[in-house]
Protein chains: 2
Amino acid sequence: MSPEVRADQFAILVRDIPSVSEGQSKKEQVDSFFRAIYPETFYRSMVVTNNKKVNKIYEELVGYKKKLERAEAIYAESKKTNPDALKLSHKTGFLGIIGEKVDSIEFYNDKIKELSQQLEAEQKVTLKEKHQSSALVFFNSRVAAASASQNLHAPIVDTWTVMDAPEPRQLIWTNLSKKFYERIIRQYVVYVIVFLTIFFYIIPIGFISALTTLDNLVKLLPFLKPVVNLKVIKTVLEAYLPQLALIIFLALLPKFLLFLSKAEGIPSESHVVRAASGKYFYFTVLNVFIGVTLGGTLFTSFKSIENDPNSIFRVLAKSLPQNATFFLTFVALKFFVGYGLELSRIVPLIIFHLKKKYLCKTEAEIKEAWAPGDLGYATRFPSDMLIMTIVLCYSVIAPIIIPFGVVYFGLGWLLLRNQTLKVYVPSFESYGRMWPHIHTRMLATLILFQATMLGYFGVKEFKPTPVLFPLPIFSLIFGFICQKKFRRFFVSPALEVVSHELKEVPNMEAVFRSFIPPSLSAGKTDEHQFEDALSHVSKPGSSSV
Amino acid sequence: MSPEVRADQFAILVRDIPSVSEGQSKKEQVDSFFRAIYPETFYRSMVVTNNKKVNKIYEELVGYKKKLERAEAIYAESKKTNPDALKLSHKTGFLGIIGEKVDSIEFYNDKIKELSQQLEAEQKVTLKEKHQSSALVFFNSRVAAASASQNLHAPIVDTWTVMDAPEPRQLIWTNLSKKFYERIIRQYVVYVIVFLTIFFYIIPIGFISALTTLDNLVKLLPFLKPVVNLKVIKTVLEAYLPQLALIIFLALLPKFLLFLSKAEGIPSESHVVRAASGKYFYFTVLNVFIGVTLGGTLFTSFKSIENDPNSIFRVLAKSLPQNATFFLTFVALKFFVGYGLELSRIVPLIIFHLKKKYLCKTEAEIKEAWAPGDLGYATRFPSDMLIMTIVLCYSVIAPIIIPFGVVYFGLGWLLLRNQTLKVYVPSFESYGRMWPHIHTRMLATLILFQATMLGYFGVKEFKPTPVLFPLPIFSLIFGFICQKKFRRFFVSPALEVVSHELKEVPNMEAVFRSFIPPSLSAGKTDEHQFEDALSHVSKPGSSSV
């Protein structure tokens, strides 16, 4: 673990705090609870508040500030060319079309002043009255925080639940105060929805692959006939049409899955991404790999699999060879088009230049338009895993796919290494928590491959097949040992590691402050007021309660 | 948690300590590891040693001491009646029949002296050289120990594994140093053996119930005919013979299951008892309840259940009514004979008086003969659960069983409350860890009952049956909530509870000493030698290493 001070290593997230007893504030309750257990290492606490209203005001304020900046930039620009330019004006009503006409800069200034006051008032109310049943608790040593995040604190296990705090920038405040059983119920409801989504998307995919053979397309849309009959276009379309349909189709889903994962009540962005990518993985493997493989015989196959679950490998082994060409072109398309777009970043480049020319007026806006954003684990990892599944499973049936796979992952290594190191800017750090998730799914893919291979060899009546039977068992044992040997360290920090010396003495005040959301810390001229509202009880050095 | 000082609340058990680096003793390794993480709360450590040889010498020594005491008592007795009585003598060879004739008291005294020296030498060797890969680590506060027992300590999860220390008297030293993967493998091997045992005991039980109808018995053993034809005997035998056979048969198993559970590598006696009682529960329910219910049609039933798993409840519902009488008498026998024996303790009484008259010569021997022993959870709880299963499942089919059940559990409450409070002496305390185990199995029984009831109603074509379908679902949800709400507290101590003030300042030296096995602490005249061997590094107050 790095010797630098990281704020999240000194904090834990406490949820499901029981309701407060008469005459005590939530803050006092949390402080007295943790001070009793950790008299020496407890630093102070930050009760999670309901920030809905204060956030709304803050966003409005930020919006008006941006608009003001923009209006000033436009005014300055127009003054350069024409010194007598009029000040900007707009109408206050719907979309700036109706209503009173006002001077923009003046209007924005007034609004900002008004909202600043509102914000300050709302901040006070929020910090005083809108306490929720969760809190961030800070400790003055990493060992104490790491240990507290793993301990059971109350005899009733569904109260005072703890976990190590995520980074401040990836905390999802709205999810922090979701109740214990609410989270569980939400999780199950989301699972059911995902299950339904996965299985009902099979129907549209079936439609699409039936539609997108060229003959069908011509039959349905006869006006395409003259275009399609050109030989070059026909060849290209026939080769890439079904794959293109599939790729576009797959692009629709991730947002929905991210939304669903967030609705589960997960407290950190990285965990949401992880959960969404897991769901997307099931979706791609089930729908693209198995769906396309079984193709038109999908429903009859499902019936025979339901009656005899063991037949799944035989069915797969029989249907796989028919689709070798499809997947070969799928992989090729992925790296020709996909990596080409990735490396050249041609689409973001065009968008940036268009934005710069026609929309961006201020420095800040240009900077925002240029920002490359995140790597996007939620979709990138499942689609890589899909290629891996395809390449592994076809490696026995149509070995020609192996060089395609090698090129895909080889190029991917070169390219994405460059992109992650030099292009993308990660918006949060999960300290490698994605890895066990990927590892498990890679193993699952490996076992699927081994089983399909055994089934295929069985169908082909390859005599020495039984020799290979131990393979999936070895994979399972390997997975089991990895699980036992490494898994928990990805979930909880090991004390031996956090007990290493730090480079510098942590500035606990800065650690604490880094967790305050911008809507609550903005516009604070005197720091003291904040101290007052947030920590009048647990200020270090104050007499204990 | 009680405010009294309990030694095990200050200790944790550390296993799977990685091999030591060159030039460092195991002791130093453990001390430096824990002192780095817990600089203020770490007290000292006790490395687990291989005590096989020292235990053997110690047991021999204790045996000779008992023999000496006995010989002296006999000599004193004989002197009372005859002042010139000869001193006792015996032969040293096999069973005291062959070999040199020696004076007993002198011989025993010599032996004790010789063994005491051997013990001392062996103790030194053991403490210095026979270090194993596990240790007991002591902390000077309950919170620190409770917290340490729940934390991950090393990034490689299968090393430095920790758990809260069991009571000193129930620690199984030989299991402490079993390796991580060895324990897992042992566990699976034991599970397979138990599975085989449960399923192959069905065959002898089938034989026995076929044999023990009276007609069969007479056919097989014709010389019994005159006895059996007496009307009274015939009635009694016909009613109770099969049940008696079953009860005797069931008495054979527990020892074997306890042995198997211990072989899993479990570190505490109470956990072994718990594991054995779980295994015994599966055995009784599967063999007695389901085995007897399905009776002769057992194997055909199994086949039809294998083909259609859902049919199990229909099969049960059809076969249950035929066995109502059998189980009614089974329950009645259990409380008439079982509770009668339990309350009167007639068998232990007879054994005690026989022993006292013919075997016991010294005070200590009489005391030992009188000791009532443990309650014996391993067998008592599964057989109560069997009665519960029987009563619940038959409550719909033959409601006459309900009063029998009420009497069984009502009497049981009165009787066993008395026995546990005033008769039995528990040899260890597991702080209620048995309860969640019982609770889960009670719920399983409840769900089995609900499913059987639904099946029975279905067979009888009782129209409003569907109204009852939510019942097992409610039971499942109830079990799920209990699991979430309470389970973890039975596994790990909650810090809120252990942070309560203690009545007295713990004497850490006494806490530490209470964990030293008798074979290592016996015969120590100067305490200092022990200090020296066990704790030359971690003696409190010494300069840190």
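Position numbers for residues count from 1 along each chain, tracking the sequence in the order it is written. Chains and ligands are labelled by the order in which they are written, letters from A for the one and numbers from 1 for the other. Only residues with pLDDT of 70 or above have their local features reported here, since the model is predicted, and side-chain atom pairs are shown and tallied only from 80 upward, although totals for entire chains, interfaces and linings are computed over all residues. The basis for every side-chain value is the complete set of non-hydrogen atoms in the structure, without hydrogens or water.

**Overview of the overall build of chain A**
Moving on, step 1. Within chain A, the regular secondary structure consists of 25 helices and six strands.
Moving on, step 2. A 1.4 Å probe rolled over the protein chains alone gives each residue an accessible area, and that area as a share of the maximum for its type sets the label: buried under 20%, exposed over 50%, partly exposed in between. Looking at chain A as a whole, 44% of its 545 residues are labelled buried.
Moving on, step 3. When checking whether two residues touch, look at their non-hydrogen atoms; a contact exists if any pair is within 4.5 Å. In chain A, once contacts between residues fewer than 6 apart in sequence are set aside, the share between residues at least 24 apart is 78%.
Moving on, step 4. Per-residue accessibility takes into account occlusion by the displayed protein chains alone, with areas from the Shrake-Rupley method and a 1.4 Å probe. About 29,200 Å² of surface is accessible on chain A, with carbon and sulfur atoms providing 64% of the total. Here a strand is any run of E in DSSP of at least two residues, a helix any run of H or I of at least four, and the numbering for each starts at the N terminus.

**Brief notes about helix α3 (residues 104-129) of chain A**
Moving on, step 1. Here α3 of chain A is 26 residues long and its end C-alpha atoms lie 36 Å apart, about the 38 Å a rise of 1.5 Å per residue gives.
Moving on, step 2. Residues of α3 of chain A that are buried: S104, I105, F107, Y108, I112, L115, L119, E122, Q123, T126 and L127 of chain A. In this scheme, a helix's expected span is set at 1.5 Å multiplied by one less than its residue total.

**A closer look at the interface of chain A and chain B**
Moving on, step 1. On the side of chain B, 35 residues touch chain A, which itself brings 35 residues to the contact.
Moving on, step 2. Summed over both partners, the accessible area lost on bringing two parts together, with a 1.4 Å probe, is the buried area. Carbon and sulfur atoms supply 64% of the area buried between chain A and chain B, which totals about 2,900 Å² over both sides.
Moving on, step 3. Any carboxyl oxygen of Asp or Glu that lies within 4 Å of a side-chain nitrogen of Lys or Arg is treated as forming a salt bridge with it. Along the contact surface separating chain A from chain B lie two salt bridges.
Moving on, step 4. Between K485 of chain A and D158 of chain B there is a salt bridge, and its shortest N-O distance comes to 3.1 Å.
Moving on, step 5. Any pair of N or O atoms that falls within 3.5 Å is considered a polar contact. Within protein, one atom must be able to donate a hydrogen and the other to accept it, and sequence-neighbouring residues count only if both atoms are side-chain atoms. Linking chain A to chain B there are 15 residue pairs in polar contact (both at pLDDT 80 or more).
Moving on, step 6. Within the residue set of the side of chain A that touches chain B, elements represented by two or more residues are α1 (26-37), α4 (142-148), α6 (180-200), α21 (470-491) and α22 (495-498) of chain A.
Moving on, step 7. Side-chain classes follow a simple rule in which Ala, Val, Leu, Ile, Met, Phe, Trp, Tyr, Cys and Pro form the nonpolar group, Asp, Glu, Lys and Arg form the charged group, and the remainder, Gly included, forms the polar group. Across the side of chain A that touches chain B, the residue classes tally to 22 nonpolar, six polar and seven charged.

**Let's talk about the sheet that holds strand β6 (residues 161-164) of chain B**
Residue and element names in this part refer to chain B.
Moving on, step 1. At least two DSSP bridges between two strands are required for those strands to pair. Spatially, the four strands line up as an open sheet ordered β2-β5-β1-β6, and their pairing is antiparallel. Both edges of this open sheet fall to β2 (42-49) and β6, since each of them pairs with a single strand only. Averaged over all pairs of adjacent strands, the angle between their axes in this sheet comes to 25 degrees, without regard to strand direction.
Moving on, step 2. The pairing of β2 with strand β5 (residues 131-139) spans six bridges and is classified as antiparallel. Bridge pairing links S45 to V137 in β5.
Moving on, step 3. Lines fitted to the C-alpha atoms define the axes, with helices restricted to the stretch that makes contact. Angles between their N-to-C directions range from 0 to 180 degrees. Relative to β2, helix α1 (residues 26-37) is tilted by about 145 degrees, and along the sheet it contacts β1 (11-15), β2 and β5.
Moving on, step 4. Sitting on the sheet, helix α3 (residues 104-129) touches β2 and β5, and the angle it makes with β5 is about 85 degrees.

**Topic: the sheet that holds strand β6 (residues 161-164) of chain A**
Residues and elements named next belong to chain A.
Moving on, step 1. Taken together, four strands build an open sheet; the order of strands is β2-β5-β1-β6 and the sheet is antiparallel. Each edge of the sheet is formed by a strand with only one pairing partner; in this case those strands are β2 (42-49) and β6. For this sheet the average axis-to-axis angle between neighbouring strands, irrespective of direction, equals 25 degrees.
Moving on, step 2. As paired elements, strand β1 (residues 11-15) and strand β5 (residues 131-139) share four bridges and run antiparallel to each other. If you follow A11 over to β5, its bridge partner there is F138.

**Some words on the packing of helix α15 (residues 324-344) of chain A against helix α18 (residues 377-397) of chain A**
Residues and elements named next belong to chain A.
Moving on, step 1. Their axes nearest at 11 Å, the elements α15 and α18 cross at an angle of 145 degrees. Like other packed secondary-structure pairs, α15 and α18 cross with a definite hand, here left-handed. Note on element contacts: α18 touches α15 through R380, S383, L386, I387, I390, V391 and Y394, opposite A324, F327, F330, V331, K334 and E342.
Moving on, step 2. For the contact of α15 with α18, the per-class residue count stands at nine nonpolar, one polar and three charged. Here a crossing is taken to be left-handed if its near helix is turned anticlockwise relative to the far helix by less than a right angle, and right-handed if that turn runs clockwise.

**So, the environment of P403 of chain A**
All names here are of chain A.
Moving on, step 1. Inspection of the secondary structure assignment puts P403 in helix α19 (residues 401-423).
Moving on, step 2. A relative accessible area of 43% means that P403 is categorised as partly exposed.
Moving on, step 3. Placed twelve residues apart in sequence, P403 and V391 show a C-alpha to C-alpha distance of 9.3 Å.

**Concerning the relation of the copies chain A and chain B**
Moving on, step 1. Each copy is superposed on the other by least squares, with the fit set by C-alpha atoms of residues at a pLDDT of at least 70 in both. Of the transformation superimposing chain A on chain B, the axial component is 0.1 Å and the angular component is 180 degrees, with the fit at an RMSD of 0.2 Å. Considering both components of the superposition, the chain copies are consistent with a two-fold axis.
Moving on, step 2. Mapped onto chain B, 100% of the interface residues of chain A again fall at the interface, so both copies present the same surface.

**Details of the packing of aromatic side chains**
Each aromatic ring pair is characterised by the separation of its centres together with the angle its planes make.
Moving on, step 1. Two rings from Phe, Tyr or Trp (for Trp, the six-membered ring) form a pair when their centres sit within 6.5 Å of each other. Planes less than 30 degrees apart are called stacked, planes more than 60 degrees apart edge-to-face, and all others tilted. Counted by the stated rule, this structure contains 52 aromatic pairs over all chains.
Moving on, step 2. Note on Y339 of chain B and Y408 of chain B: the rings are 5.1 Å apart at their centroids and 25 degrees apart in plane angle, and the pair reads as stacked. One end of the pair, Y339 of chain B, is in helix α15 (residues 324-344); the other, Y408 of chain B, is in helix α19 (residues 401-422), with 69 residues separating them in the sequence.
Moving on, step 3. Take Y339 of chain B: its relative accessible area is 7%, and that puts it in the buried class.
Moving on, step 4. Put simply, a charge is over a ring when the Lys NZ or the Arg CZ is close to the ring centre, within 6 Å, and near the line of the ring normal, within 35 degrees. Positioned over the ring face of F512 of chain A is R44 of chain A, at 4.0 Å from the centre of the ring.

**Looking at a nonpolar patch on the surface**
All names here are of chain A.
Moving on, step 1. Patches were defined on residues exceeding 30% relative accessible area and lacking a salt bridge, with like-charge contacts within 9 Å and nonpolar side-chain contacts (Val, Leu, Ile, Met, Phe, Trp, Tyr) within 5 Å. Among the surface-exposed residues, F336, V337, L341, I346, V347, I350, I351, L354, Y358 and L359 lie close enough to one another that they form a single nonpolar patch of about 990 Å² accessible area.
Moving on, step 2. Those elements that place two or more of their residues in the nonpolar patch are α15 and α16 (346-358).
Moving on, step 3. The element that contributes the greatest number of residues to the nonpolar patch is α16, accounting for six residues.
Moving on, step 4. By the secondary structure assignment, L341 is in helix α15.

**Remarks on the pattern of salt bridges**
Moving on, step 1. Overall, the coordinates contain 28 salt bridges over all chains when judged by the stated rule.
Moving on, step 2. Between R186 of chain B and E182 of chain B there is a salt bridge, and its shortest N-O distance comes to 3.0 Å. With R186 of chain B and E182 of chain B both in helix α6 (residues 180-200), this residue pair falls four residues apart, about one helical turn.
Moving on, step 3. On the accessibility criterion, R186 of chain B (29% relative accessible area) is partly exposed.
Moving on, step 4. Judged by its relative accessible area of 31%, E182 of chain B falls in the partly exposed class.
Moving on, step 5. Shared partners join several salt bridges into a network, and the residues in it are R44, E509 and R513 of chain A.

**Comments concerning the pairing of β1 of chain B**
A regular strand places its side chains on the two faces of the sheet in alternate fashion.
All names here are of chain B.
Moving on, step 1. Most of β1 is tucked away, with five of its five residues classed as buried.
Moving on, step 2. Here β1 shows two buried faces, one formed by A11, L13 and R15 and the other by I12 and V14.
Moving on, step 3. Where β1 lies against β6, four bridges are found, and the strand directions are antiparallel. Of the residues in β6, the one forming a bridge with V14 is V162.

**Brief notes about the nonpolar core**
Moving on, step 1. M46, L136, F138, W173 and F515 of chain A are the most contacted members of the largest nonpolar core, which totals 34 residues.
Moving on, step 2. Sorting the residues of this core by element identifies β1, β2, α2 (52-81), α3, β5, α5 (173-176) and α23 (508-513) of chain A as the ones contributing at least two each.
Moving on, step 3. Aside from chain neighbours lying at most four places away, what touches F138 of chain A is F10, A11, T41, F42, Y43, R44, S45, M46, M508, V511, F512 and F515 of chain A.
Moving on, step 4. Within the second largest apolar cluster, 32 residues are counted, among which are A7, Y75, I105 and V511 of chain B. Here, nonpolar core means buried Ala, Val, Leu, Ile, Met, Phe, Trp, Tyr and Cys residues that are tied together by side-chain atoms lying within 4.5 Å of each other.

**Describing the side chain of R380 of chain A**
Residues and elements named next belong to chain A.
Moving on, step 1. In this structure, R380 sits in helix α18.
Moving on, step 2. A distance of 3.4 Å separates a polar atom in the side chain of R380 from the backbone oxygen of L375.
Moving on, step 3. Apart from the residues lying within four places of it in its own chain, the contact partners of R380 are E342, L375, L416 and Y424.

**Some thoughts on unusual backbone geometry**
Residues and elements named next belong to chain B.
Moving on, step 1. For R345, which is not glycine, the phi torsion reads 45 degrees and is therefore positive.
Moving on, step 2. Non-glycine residue Y431 carries a positive phi angle of around 55 degrees.
Moving on, step 3. Checked against the element boundaries, Y431 lands in the loop between α19 and α20 (434-459).
Moving on, step 4. Since its relative accessible area comes to 31%, Y431 is described here as partly exposed.

**A look at the environment of K113 of chain A**
Moving on, step 1. Its location among the elements puts K113 of chain A in helix α3.
Moving on, step 2. It is 9.0 Å that separates the C-alpha atoms of K113 of chain A and L61 of chain A, two residues lying 52 residues apart in sequence.

**Brief notes about the confidence of the model for chain A**
Moving on, step 1. The quantity known as pLDDT measures the predictor's confidence residue by residue, on a range of 0 to 100. Put simply, chain A has an average pLDDT of 82, and 81% of its residues get 70 or more.
Moving on, step 2. A low-confidence stretch, residues 525-545 of chain A (pLDDT under 50), is modelled with 39 contacts involving residues beyond four sequence positions or located in other chains.

**Topic: the side chain of E122 of chain A**
Residue and element names in this part refer to chain A.
Moving on, step 1. The topology assignment puts E122 in helix α3.
Moving on, step 2. Judged by relative accessible area, which is 8%, E122 ranks as buried.
Moving on, step 3. In contact with E122, not counting residues within four places along its chain, are K53, V54, I57 and K130.

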